[in-house]
Amino acid sequence: MMYKSEEDFLKAYDPDAFEKLSMTTDILILSVSDEVQSNYRKSNKKYMSVLLVKRDDYPFKDKWCLPGGFLDVKEDLEDCPKRILARETGLHDIYLEQLYTFGGLNRDPRMRIVSSSYMALVDKNRLNEKLSDNASWFNIQYFEEEDNVLVILDNGTETLKFKIKKILREKTTDRYKFEIEENNDIAFDHPLVIWSGIERLKNKINYTDVVFNMMPELFALGDLQQVYEVILNKKLLDPAFRRIIADKVEKTEFVQTGAGHRPSALFRYKKNTK
(Lines give C-alpha, C1' and ligand atoms only; values in the text may rest on other atoms or scores of the structure.)
Protein backbone atom coordinates (compact mmCIF):
# COMPACT_ATOMS: atom_id res chain seq x y z
CA MET A 1 0.00 0.00 0.00
CA MET A 2 1.22 3.48 -0.88
CA TYR A 3 0.79 6.36 1.56
CA LYS A 4 0.46 10.04 0.69
CA SER A 5 2.32 11.20 3.75
CA GLU A 6 4.23 10.00 6.80
CA GLU A 7 1.23 11.01 8.90
CA ASP A 8 -1.03 8.64 6.92
CA PHE A 9 1.56 5.87 7.32
CA LEU A 10 1.75 6.31 11.11
CA LYS A 11 -2.03 6.24 11.42
CA ALA A 12 -2.21 2.94 9.53
CA TYR A 13 0.90 1.38 11.07
CA ASP A 14 0.18 -1.79 13.04
CA PRO A 15 3.21 -3.00 15.07
CA ASP A 16 1.50 -6.34 15.74
CA ALA A 17 1.65 -7.12 12.04
CA PHE A 18 5.37 -7.85 12.33
CA GLU A 19 6.98 -10.93 13.84
CA LYS A 20 8.84 -10.34 17.08
CA LEU A 21 12.38 -11.22 18.02
CA SER A 22 14.51 -10.57 21.09
CA MET A 23 18.09 -9.33 21.49
CA THR A 24 20.65 -10.61 23.97
CA THR A 25 24.27 -9.92 24.77
CA ASP A 26 26.71 -12.77 25.47
CA ILE A 27 30.19 -11.99 26.77
CA LEU A 28 33.30 -14.06 26.22
CA ILE A 29 35.53 -13.16 29.19
CA LEU A 30 39.09 -14.39 28.64
CA SER A 31 42.14 -14.33 30.90
CA VAL A 32 45.55 -15.97 31.12
CA SER A 33 46.93 -17.13 34.45
CA ASP A 34 49.29 -19.62 36.09
CA GLU A 35 48.11 -23.16 36.66
CA VAL A 36 47.16 -23.82 40.28
CA GLN A 37 48.45 -27.20 41.46
CA SER A 38 46.76 -29.49 43.97
CA ASN A 39 48.86 -27.99 46.79
CA TYR A 40 47.51 -24.55 45.78
CA ARG A 41 50.92 -23.34 44.64
CA LYS A 42 51.24 -21.78 41.22
CA SER A 43 53.30 -23.57 38.61
CA ASN A 44 55.14 -22.01 35.68
CA LYS A 45 52.58 -23.36 33.22
CA LYS A 46 49.99 -20.88 32.02
CA TYR A 47 46.49 -21.43 30.66
CA MET A 48 44.06 -19.26 28.81
CA SER A 49 40.75 -19.43 30.65
CA VAL A 50 37.12 -18.48 30.07
CA LEU A 51 34.45 -17.54 32.58
CA LEU A 52 31.30 -19.68 32.35
CA VAL A 53 28.10 -19.70 34.38
CA LYS A 54 25.84 -22.68 35.06
CA ARG A 55 22.21 -22.13 34.13
CA ASP A 56 19.68 -22.64 36.90
CA ASP A 57 16.60 -22.59 34.69
CA TYR A 58 15.31 -23.98 31.42
CA PRO A 59 16.23 -24.11 28.61
CA PHE A 60 19.54 -25.92 29.07
CA LYS A 61 19.13 -26.19 32.84
CA ASP A 62 22.42 -27.19 34.57
CA LYS A 63 24.41 -26.56 31.39
CA TRP A 64 27.33 -24.15 31.25
CA CYS A 65 27.13 -21.01 29.14
CA LEU A 66 28.69 -17.59 28.71
CA PRO A 67 27.53 -14.72 30.94
CA GLY A 68 24.77 -12.84 29.20
CA GLY A 69 21.36 -11.32 29.37
CA PHE A 70 18.54 -9.70 27.45
CA LEU A 71 18.87 -6.18 26.15
CA ASP A 72 16.44 -3.85 27.87
CA VAL A 73 14.27 -1.99 25.35
CA LYS A 74 15.40 1.33 26.87
CA GLU A 75 19.06 0.35 27.11
CA ASP A 76 21.79 1.34 24.68
CA LEU A 77 23.35 -1.72 23.07
CA GLU A 78 26.86 -0.86 24.30
CA ASP A 79 25.64 -0.44 27.89
CA CYS A 80 24.27 -3.98 28.07
CA PRO A 81 27.64 -5.84 28.13
CA LYS A 82 29.03 -3.30 30.63
CA ARG A 83 26.11 -4.00 32.95
CA ILE A 84 26.58 -7.77 32.62
CA LEU A 85 30.34 -7.51 33.21
CA ALA A 86 29.83 -5.49 36.38
CA ARG A 87 27.28 -8.01 37.61
CA GLU A 88 29.44 -11.07 36.94
CA THR A 89 32.93 -9.77 37.80
CA GLY A 90 32.64 -6.41 39.53
CA LEU A 91 34.97 -4.96 36.88
CA HIS A 92 34.54 -1.64 35.12
CA ASP A 93 36.49 0.13 32.37
CA ILE A 94 38.16 -3.01 31.02
CA TYR A 95 38.91 -3.98 27.44
CA LEU A 96 35.66 -4.84 25.66
CA GLU A 97 34.97 -5.17 21.94
CA GLN A 98 32.06 -6.35 19.87
CA LEU A 99 32.76 -9.80 18.48
CA TYR A 100 30.04 -11.02 16.13
CA THR A 101 26.27 -11.16 15.84
CA PHE A 102 24.89 -14.68 16.12
CA GLY A 103 21.40 -15.22 14.78
CA GLY A 104 20.94 -18.90 13.87
CA LEU A 105 17.30 -19.87 13.51
CA ASN A 106 17.48 -22.61 16.15
CA ARG A 107 20.04 -21.13 18.55
CA ASP A 108 17.40 -20.69 21.28
CA PRO A 109 14.32 -22.93 21.69
CA ARG A 110 12.21 -20.18 23.30
CA MET A 111 11.91 -17.78 20.38
CA ARG A 112 13.95 -16.10 17.66
CA ILE A 113 16.79 -14.53 19.63
CA VAL A 114 19.73 -12.69 18.10
CA SER A 115 22.86 -12.24 20.20
CA SER A 116 25.33 -9.40 19.87
CA SER A 117 28.41 -11.00 21.41
CA TYR A 118 31.34 -9.20 22.99
CA MET A 119 34.85 -10.22 24.00
CA ALA A 120 36.38 -8.96 27.25
CA LEU A 121 40.04 -9.39 28.20
CA VAL A 122 41.00 -9.26 31.87
CA ASP A 123 43.77 -9.98 34.29
CA LYS A 124 42.12 -12.32 36.82
CA ASN A 125 44.33 -10.90 39.56
CA ARG A 126 42.24 -7.72 39.36
CA LEU A 127 39.08 -9.57 40.33
CA ASN A 128 38.55 -8.40 43.88
CA GLU A 129 34.93 -9.48 44.18
CA LYS A 130 33.90 -13.08 44.69
CA LEU A 131 32.32 -14.69 41.66
CA SER A 132 28.71 -15.78 41.94
CA ASP A 133 28.20 -19.37 43.12
CA ASN A 134 27.19 -20.54 39.65
CA ALA A 135 30.26 -19.05 37.89
CA SER A 136 33.63 -20.70 37.32
CA TRP A 137 36.85 -20.18 35.36
CA PHE A 138 37.66 -22.99 32.91
CA ASN A 139 41.15 -23.54 31.51
CA ILE A 140 41.19 -23.80 27.72
CA GLN A 141 43.09 -26.26 25.57
CA TYR A 142 42.51 -26.59 21.85
CA PHE A 143 43.78 -28.95 19.18
CA GLU A 144 43.51 -27.78 15.58
CA GLU A 145 43.41 -29.91 12.48
CA GLU A 146 42.91 -28.87 8.87
CA ASP A 147 39.10 -28.92 8.94
CA ASN A 148 38.15 -28.95 12.62
CA VAL A 149 39.25 -27.97 16.11
CA LEU A 150 38.68 -29.78 19.41
CA VAL A 151 38.28 -27.50 22.43
CA ILE A 152 38.57 -28.82 26.00
CA LEU A 153 37.55 -26.73 29.01
CA ASP A 154 38.44 -27.80 32.54
CA ASN A 155 37.86 -26.14 35.93
CA GLY A 156 39.42 -28.89 38.05
CA THR A 157 36.04 -30.48 38.75
CA GLU A 158 34.32 -30.73 35.39
CA THR A 159 35.63 -31.21 31.86
CA LEU A 160 33.66 -29.87 28.90
CA LYS A 161 34.36 -30.62 25.25
CA PHE A 162 33.14 -29.43 21.88
CA LYS A 163 34.33 -29.72 18.30
CA ILE A 164 34.08 -26.99 15.69
CA LYS A 165 34.05 -27.63 11.95
CA LYS A 166 36.11 -25.19 9.88
CA ILE A 167 34.78 -24.37 6.42
CA LEU A 168 36.98 -22.27 4.13
CA ARG A 169 34.87 -19.31 3.04
CA GLU A 170 37.40 -17.24 1.07
CA LYS A 171 40.57 -18.89 -0.17
CA THR A 172 42.27 -15.59 -1.05
CA THR A 173 41.89 -14.23 2.52
CA ASP A 174 42.05 -17.55 4.38
CA ARG A 175 38.73 -16.77 6.10
CA TYR A 176 36.72 -19.59 7.65
CA LYS A 177 33.11 -20.17 8.58
CA PHE A 178 32.57 -22.21 11.76
CA GLU A 179 29.88 -24.75 12.60
CA ILE A 180 29.33 -26.85 15.73
CA GLU A 181 30.21 -30.44 14.93
CA GLU A 182 29.97 -31.96 18.44
CA ASN A 183 28.64 -30.45 21.67
CA ASN A 184 26.80 -31.93 24.63
CA ASP A 185 28.06 -29.74 27.47
CA ILE A 186 27.55 -26.06 26.60
CA ALA A 187 24.25 -24.24 26.16
CA PHE A 188 22.96 -22.48 23.06
CA ASP A 189 25.51 -21.88 20.29
CA HIS A 190 28.12 -20.63 22.75
CA PRO A 191 30.83 -23.00 21.43
CA LEU A 192 30.73 -20.85 18.28
CA VAL A 193 31.13 -17.68 20.34
CA ILE A 194 34.04 -19.14 22.31
CA TRP A 195 35.97 -20.34 19.29
CA SER A 196 35.22 -17.20 17.26
CA GLY A 197 36.65 -15.12 20.09
CA ILE A 198 39.78 -17.26 20.38
CA GLU A 199 40.34 -16.92 16.63
CA ARG A 200 39.86 -13.15 16.87
CA LEU A 201 42.34 -12.90 19.73
CA LYS A 202 44.92 -15.06 17.93
CA ASN A 203 44.77 -12.73 14.95
CA LYS A 204 44.75 -9.47 16.90
CA ILE A 205 47.85 -10.13 18.99
CA ASN A 206 49.84 -10.27 15.75
CA TYR A 207 49.10 -6.65 14.83
CA THR A 208 47.80 -4.92 17.99
CA ASP A 209 48.78 -4.54 21.65
CA VAL A 210 45.53 -6.07 22.88
CA VAL A 211 47.34 -8.80 24.86
CA PHE A 212 48.49 -6.27 27.47
CA ASN A 213 44.92 -6.05 28.74
CA MET A 214 45.52 -9.54 30.14
CA MET A 215 48.79 -8.65 31.88
CA PRO A 216 49.50 -7.13 35.30
CA GLU A 217 51.09 -3.69 35.40
CA LEU A 218 54.56 -5.20 35.90
CA PHE A 219 55.69 -8.46 34.32
CA ALA A 220 58.76 -10.46 33.33
CA LEU A 221 59.37 -10.91 29.61
CA GLY A 222 59.29 -14.68 30.08
CA ASP A 223 55.74 -14.43 31.46
CA LEU A 224 54.67 -12.22 28.57
CA GLN A 225 56.11 -14.71 26.09
CA GLN A 226 54.19 -17.54 27.73
CA VAL A 227 50.96 -15.58 27.35
CA TYR A 228 51.62 -15.15 23.62
CA GLU A 229 52.42 -18.86 23.32
CA VAL A 230 49.29 -19.94 25.20
CA ILE A 231 47.04 -17.84 22.97
CA LEU A 232 48.76 -18.82 19.73
CA ASN A 233 49.10 -22.44 20.89
CA LYS A 234 52.68 -22.69 19.69
CA LYS A 235 56.23 -22.18 20.93
CA LEU A 236 57.94 -18.93 19.93
CA LEU A 237 61.69 -18.55 19.43
CA ASP A 238 63.10 -16.22 22.08
CA PRO A 239 64.99 -13.86 19.71
CA ALA A 240 62.00 -13.50 17.39
CA PHE A 241 59.65 -12.80 20.29
CA ARG A 242 61.97 -10.17 21.78
CA ARG A 243 61.98 -8.35 18.42
CA ILE A 244 58.17 -8.43 18.30
CA ILE A 245 57.73 -6.77 21.69
CA ALA A 246 60.86 -4.59 21.74
CA ASP A 247 58.96 -1.36 21.04
CA LYS A 248 55.94 -2.31 23.13
CA VAL A 249 57.53 -2.56 26.59
CA GLU A 250 59.90 -0.62 28.80
CA LYS A 251 62.18 -1.86 31.55
CA THR A 252 61.54 -0.74 35.13
CA GLU A 253 63.76 -0.62 38.20
CA PHE A 254 61.86 -3.53 39.75
CA VAL A 255 62.81 -7.21 39.68
CA GLN A 256 60.85 -10.43 40.13
CA THR A 257 61.96 -12.34 43.24
CA GLY A 258 60.88 -15.42 45.19
CA ALA A 259 60.39 -17.58 42.12
CA GLY A 260 63.19 -20.01 42.91
CA HIS A 261 65.54 -18.69 40.24
CA ARG A 262 67.70 -15.67 39.45
CA PRO A 263 65.70 -12.42 39.82
CA SER A 264 64.21 -11.27 36.53
CA ALA A 265 63.83 -7.66 35.43
CA LEU A 266 60.24 -6.44 35.35
CA PHE A 267 58.78 -4.53 32.44
CA ARG A 268 55.64 -2.49 31.81
CA TYR A 269 53.59 -1.78 28.72
CA LYS A 270 54.76 1.31 26.85
CA LYS A 271 51.37 2.89 26.23
CA ASN A 272 52.54 5.62 23.90
CA THR A 273 53.92 3.33 21.20
CA LYS A 274 52.83 4.07 17.66
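Predicted model only: the values in this text are computed from it and were never measured. (Residues numbered from 1 in each chain as written. Predicted model: local features only at pLDDT ≥ 70, side-chain atom pairs only at ≥ 80, totals over all residues. Heavy atoms only, no water.)

I would appreciate a short explanation of the pattern of salt bridges in the present structure.
Proximity of charged atoms lets side chains of opposite charge pair with each other. Throughout the structure, instances matching the rule amount to 15 salt bridges. The salt bridge involving Arg107 is made with Asp26; its shortest N-O contact spans 3.6 Å. Taken together, the residues span a long stretch of sequence, with Arg107 in the loop between strand E5 (95-102) and strand E6 (113-121) and Asp26 in strand E1 (residues 22-36) at a distance of 81 residues. Here the two residues Arg107 and Asp26 agree in accessibility, since each one is buried. When the shortest N-O distance is used, the salt bridge between Lys177 and Glu179 registers 3.9 Å. By relative accessible area, which is 34% here, Glu179 ends up partly exposed. (Salt bridge = Lys/Arg side-chain N within 4 Å of Asp/Glu carboxyl O. Helix = DSSP H or I, 4+ residues; strand = E, 2+ residues; numbered from the N terminus. Buried < 20%, exposed > 50% of the residue type's maximum accessible area, 1.4 Å probe, protein only.)

Looking at this structure, how should I read the pairing of strand E7 (residues 135-144)?
The two faces of a sheet get side chains in turn, since along a regular strand they alternate between them. Looking at chain direction, E7 and strand E8 (residues 148-154) are connected through 6 bridges and run antiparallel. Paired with Asn139 across the bridge in E8 is Asp154. Linking E7 to E8, which pair antiparallel, is a turn of 3 residues. (Pairing = 2+ DSSP bridges.)

I would appreciate a short explanation of the environment of Pro191 in the present structure.
For Pro191, the position within the fold is in helix H3 (residues 190-204). By relative accessible area, Pro191 is classed as buried at 0%. Placed 10 residues apart in sequence, Pro191 and Glu181 show a C-alpha to C-alpha distance of 9.9 Å. If we skip the residues at most four places from it in the chain, Pro191 touches Phe162, Ile164, Ile180, Asn183 and Ile186. (Contact = heavy atoms within 4.5 Å.)

For this particular structure, what's the right way to read a negative patch on the surface?
There is a patch of like negative charges on the surface, built from Glu145, Glu146, Asp147, Glu181 and Glu182. Checked against the element boundaries, Glu145 lands in the loop between E7 and E8. A relative accessible area of 52% places Glu145 in the exposed class. (Patch = residues over 30% accessible without salt bridge, like charges linked within 9 Å, V, L, I, M, F, W, Y side chains within 5 Å. Areas by Shrake-Rupley, 256 points an atom, 1.4 Å probe, with all protein chains shown as cover. Lys, Arg positive; Asp, Glu negative; His and termini not counted. Charge placed at Lys NZ, Arg CZ, Asp CG, Glu CD.)

Which parts of the structure should I look at to understand H3?
In an α-helix, one turn spans 3.6 residues; hence positions three or four apart end up facing the same way. Over its 15 residues, H3 runs 21 Å from end to end, which matches the ideal 21 Å to within 8%, given 1.5 Å per residue. Burial analysis of H3 places 14 of its 15 residues in the buried class, the great majority of the element. (Expected span 1.5 Å × (residues − 1).)

What's the story with the packing of aromatic side chains in this structure? I'm lost.
Two numbers describe a pair of aromatic rings. These are the distance of the centres and the angle of the planes. Applying the stated criterion across every chain yields a total of 8 aromatic pairs. Centre to centre, the rings of Phe212 and Phe219 are 5.9 Å apart; their planes meet at 40°, and the pair counts as tilted. An aromatic cluster is present here, built from Tyr142, Phe178 and Trp195 joined pairwise through their rings. Over the ring of Tyr100 we find Arg200, and its NZ or CZ is 4.9 Å from the ring centre. (Phe/Tyr/Trp six-rings, centres within 6.5 Å; stacked < 30°, edge-to-face > 60°. Lys NZ or Arg CZ within 6 Å of the ring centre and 35° of its normal.)

Mind showing me how you'd approach the packing of helix H4 (residues 221-232) against helix H5 (residues 238-245) here?
In a pair of packed helices, the angle between the axes and the distance between the axes together describe the arrangement. Viewed as axis vectors pointing N to C, H4 and H5 meet at an angle of 95°, and their least axial separation amounts to 11 Å. One element, H4, and the other, H5, form an angle in the roughly perpendicular class. Along the contact surface, H4 presents Leu221, Leu224, Gln225 and Tyr228, while H5 presents Asp238, Phe241, Arg242 and Ile245. (Axes fitted to C-alpha atoms, helices over the stretch in contact; angles between N-to-C directions. Parallel < 35°, antiparallel > 145°, perpendicular 65-115°, else oblique.)

Can you walk me through the environment of Phe178 in this structure?
Here Phe178 is to be found in strand E10 (residues 175-183). For Phe178, a relative accessible area of 17% corresponds to the buried category. Ignoring anything within four residues of it in the chain, the contact list for Phe178 reads Ile164, Lys165, Lys166, Leu192, Trp195, Ser196 and Glu199.

Mind showing me how you'd approach the nonpolar core here?
A general feature of soluble globular proteins is that nonpolar side chains tend to end up buried together. Leu153 and Leu201 are the most contacted members of the largest nonpolar core, which totals 48 residues. A total of 7 residues in this core trace back to one element, the largest contributor, which is H4. If we ignore the near neighbours within four places in the chain, the residues touching Leu201 are Leu30, Met48, Met119, Leu121, Val210, Met214 and Ile231. If you look at the next biggest cluster of nonpolar residues, it comprises 18 residues, including Leu51, Ile84, Leu127 and Leu131. (Core = buried A, V, L, I, M, F, W, Y, C linked by side-chain atoms within 4.5 Å.)

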